[in-house]
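Each chain, letter by letter, is given below.
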Amino acid sequence: MQNIILIAPPAAGKGTYAKLIEETYHLPHISTGDLLRKESTKDTPTSRHLKEIMSAGRLVSDDIITSILSDRLKQDDCQNGYILDGYPRNIEQAKAYEEMLGTLNKDLGIVIYIDIDEQDAKERVLGRVVCPQCGASFNTIIKAFSPKENNHCNYCKHELVSRVDDTEETFHKRFCEYLEKTDSLVKYYQDKGILKVVKSQNDDTTEIMLERIKKMVSND
Ligand code: ADP
């Protein structure tokens, strides 16, 4: 199996797809956000520094992330491939990552890019409702993901709520920022010939998305 970098806009359901790939190919899902959050709970000067940077929403420096990630990639479960989520975020990190892979004697593998239109992403964010009791997530705009009973969880029947930051204004800002940052990265991997674009539209079920992802993985 090969190494996979997963790139997707904030509203694309990256976590869901990462889980699908993880289960289908038995690959560990490595999220740099999770790795850094775990590291930040330790009681060391680096951890305190990490906590500060992350709570300010800033990017962690390359040397810290490189050291934490390369330690993780050396572990046994990564020897037959892994899914990388949240890294690289820019061209500098993409280059640092290739250097890291050279040292670890690993291949770049493929990049799966979940491509979603702004209008679709907007419906996902503005229609998103979650169950505060069991964490299940639904969508009041997209039929395939609507709760069965109006505004109540399908599983535990608790009343569903919207997230306070799921507003049109916040969405637009985040989506534009994302495109601005990832456009050059997507182009970078396209030029290398390893970019696999998986189109995602609202009402595409997770089964359909998995089939599309599988085609991209096996085409390689
Ligand atoms: P978000 O999508 O909100 O950025 P993540 O869980 O991916 O959430 O990341 C949480 C935080 O961890 C980021 O705000 C950033 O401080 C840090 N982080 C994660 N990945 C990277 C990265 N590739 N480079 C630098 N910092 C990162």
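Below is a summary of the structure that appears in this document. (Residues numbered from 1 in each chain as written. Predicted model: local features only at pLDDT ≥ 70, side-chain atom pairs only at ≥ 80, totals over all residues. Heavy atoms only, no water.)

## Focus: empty space enclosed by the protein
Thinking step 1. According to the stated counting rule, one finds 1 cavity of 30 Å³ or more in the structure shown.
Thinking step 2. Size it by volume and the largest cavity reaches roughly 70 Å³.
Thinking step 3. Pro10, Val125, Arg128, Asp165, Asp166, Thr170, Phe171, Arg174 and Phe175 are the residues that line the largest cavity.
Thinking step 4. Among the elements that take part in the lining of the largest cavity, helix H7 (residues 168-192) stands out by supplying 4 residues, more than any other.
Thinking step 5. In terms of residue class, the lining of the largest cavity is made up of 4 nonpolar, 1 polar and 4 charged. (1 Å grid on protein atoms, 1.4 Å probe; cavity = no way out; pocket = protein on both sides within 12 Å on 5 of 7 lines; lining within 4 Å. Points joined across faces, edges and corners; volume = space filled by probe spheres on them. Helix = DSSP H or I, 4+ residues; strand = E, 2+ residues; numbered from the N terminus. Nonpolar A, V, L, I, M, F, W, Y, C, P; charged D, E, K, R; others polar.)

## A short note on the site of the ligand
Thinking step 1. The ligand sits among 13 residues. The nearest are Thr32, Arg58, Gly86, Arg89 and Gln93.
Thinking step 2. Contact between the ligand and Arg58: an oxygen atom at 2.5 Å from a main-chain N or O atom of the residue.
Thinking step 3. The side chain of Arg89 places a nitrogen or oxygen atom 2.6 Å from an oxygen atom of the ligand.
Thinking step 4. When the free accessible area of the ligand is taken as 540 Å², the share hidden by the protein chains comes to 75%.
Thinking step 5. A molecule is said to occupy a pocket when more than half its atoms come within 2 Å of that pocket's grid points, and by this definition the ligand occupies the largest pocket.
Thinking step 6. At 4 residues, the largest contribution of residues to the shell around the ligand is made by helix H2 (residues 32-40). (Near = heavy atom within 4 Å. Polar contact = N/O pair within 3.5 Å; in protein donor to acceptor, adjacent residues only side chain to side chain. Areas by Shrake-Rupley, 256 points an atom, 1.4 Å probe, with all protein chains shown as cover. Sits in = over half its atoms within 2 Å of the grid points.)

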